[in-house]
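The chain contents come next:
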Amino acid sequence: MANSLYLNRDPDYFLDRETDEKTKHLQRKLWYFLVNADVEDSITFGTPIWTMQDNYDTNLPFYCQNNSNLIDMEFEGQLIKAFEYLNPVISSVHSILETILKVKSSPKIIYVAKSLSELENLIDDRLGGLNEYLVLDDSLPDFLKIMKLKLLLHCKLFLSYTYYCLHVYYEERGIFHLHLFYLKKLIMIIFHELAGISLNLLHNYRSILWTWIYIYNDTST
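Since the structure is predicted, the reported quantities are computational estimates derived from the model, not experimental observations.

Caption draft 1: Layout of the side chain of T99. By the secondary structure assignment, T99 is in helix 2 (residues 73-100). Judged by its relative accessible area of 19%, T99 falls in the buried class. One polar contact links the side chain of T99 to the main-chain carbonyl oxygen of S95, over a distance of 3.0 Å. Other than its neighbours up to four places away in sequence, T99 contacts P107 and Y111.

Now the structure itself:
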């Protein structure tokens, strides 16, 4: 439906249409909301990406006095700032999902590994770690903090599952050092980086971690 409404094309592309700036602004916001939702659904449910990057040229929403369509101007500014700040991370995840979820193509593992490494750096730079969200911080708008945390959790979920797949891939091929490398990255995300989400997990993650290591050593000998 979004494509049939041409939300995937930037409204400035249609020179023959008389569209006011507020409507253009709303169209851009709607499209990037759909892109974000598409990425989150794909991570959560494993569904294909529908908002293919090659199929849209809609510009990011930008804020000026004559295009706002919200009464709350402060929230409008926070919304646009969130779109701009989080877009590099979302675009990176979007690109990787497009690649690995194609049914009729086999992505090159080297490309996937490189893209995941670049994504990790982006996450560290733009989203930080979970502990940063567990303390009071008034330096960022509330809306941006919420959106950052939401995206961080989705990204960590995506990385943990992808690392598990790579761990299994290399284990089946007997490439021990890479199989162990991705297993360690998976364990670090679940039992260290995300441990603060659950108090029980936070208190017990060391015993759980050592149990995993014991099982792994027992099965590998």
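So, next bit.
Caption draft 2: Main features of the packing of aromatic side chains. Per the counting criterion, the structure on display carries 7 aromatic pairs. Taking 5.0 Å as the distance between ring centres and 75° as the angle between the ring planes, the aromatic pair formed by F75 and F143 counts as edge-to-face. Here F75, found in helix 2, pairs with F143, found in helix 4 (residues 142-172); they are 68 residues apart in sequence, far enough to count as distant. Taking the centre distance of 5.1 Å and the plane angle of 80° together, the rings of Y169 and Y170 count as edge-to-face. Residue classification places Y169 among the partly exposed residues on the basis of a relative accessible area of 27%. Residue classification places Y170 among the buried positions, given a relative accessible area of 10%. One aromatic cluster is present, formed by Y163, Y169, Y170, F181 and Y182 through successive ring pairs. Across the ring face of Y13, the terminal group of R9 is positioned such that the distance to the ring centre comes to 4.0 Å.

Caption draft 3: Focus on empty space enclosed by the protein. If you walk through the whole model with that rule in mind, you get 2 cavities of 30 Å³ or more. Lining the largest cavity are N36, V39, E40, L86, I90, M147 and L151. Of all the elements in the fold, those that place two or more residues in the lining of the largest cavity are helix 1 (21-45), helix 2 and helix 4. Among the elements that line the lining of the largest cavity, the one with the most residues is helix 1, at 3 residues. By residue class, the composition of the lining of the largest cavity is 5 nonpolar, 1 polar and 1 charged.

Caption draft 4: Main features of the nonpolar core. Formed by 42 residues in total, the largest nonpolar core has its most connected members in V93 and L127. Excluding anything up to four places from it in sequence, L127 contacts L86, V89, L122, E132, Y133, K148, L151, L152 and C155.

Caption draft 5: Spatial organisation of helix 1. Compared with an ideal rise of 1.5 Å per residue, which puts 25 residues at 36 Å, helix 1 spans 36 Å between its outermost C-alpha atoms and is within 8% of the ideal. In the segment just after helix 1, G46 is the residue with positive phi, at about 75°.

Caption draft 6: Here's a closer look at the pattern of salt bridges. In the structure shown here, the tally under the stated rule is 10 salt bridges. Close ionic contact of D12 with R28 constitutes a salt bridge, the shortest N to O distance being 3.1 Å. Of this pair, D12 sits in the segment before helix 1 while R28 is found in helix 1, placing the two residues 16 residues apart along the sequence. With a shortest N-O distance of 3.4 Å, K150 and E40 are connected by a salt bridge. You can see K150 sitting in helix 4 and its partner E40 sitting in helix 1, a full 110 residues away along the chain. Among the residues examined, K150 registers a relative accessible area of 36% and is labelled partly exposed. Residues participating in the shared-partner salt-bridge network are D10, D12, E21, K24 and R28.

What counts, and where the lines are drawn
- Residues numbered from 1 in each chain as written.
- Predicted model: local features only at pLDDT ≥ 70, side-chain atom pairs only at ≥ 80, totals over all residues.
- Heavy atoms only, no water.
- Helix = DSSP H or I, 4+ residues; strand = E, 2+ residues; numbered from the N terminus.
- Buried < 20%, exposed > 50% of the residue type's maximum accessible area, 1.4 Å probe, protein only.
- Polar contact = N/O pair within 3.5 Å; in protein donor to acceptor, adjacent residues only side chain to side chain.
- Contact = heavy atoms within 4.5 Å.
- Phe/Tyr/Trp six-rings, centres within 6.5 Å; stacked < 30°, edge-to-face > 60°.
- Lys NZ or Arg CZ within 6 Å of the ring centre and 35° of its normal.
- 1 Å grid on protein atoms, 1.4 Å probe; cavity = no way out; pocket = protein on both sides within 12 Å on 5 of 7 lines; lining within 4 Å.
- Points joined across faces, edges and corners; volume = space filled by probe spheres on them.
- Nonpolar A, V, L, I, M, F, W, Y, C, P; charged D, E, K, R; others polar.
- Core = buried A, V, L, I, M, F, W, Y, C linked by side-chain atoms within 4.5 Å.
- Expected span 1.5 Å × (residues − 1).
- Salt bridge = Lys/Arg side-chain N within 4 Å of Asp/Glu carboxyl O.

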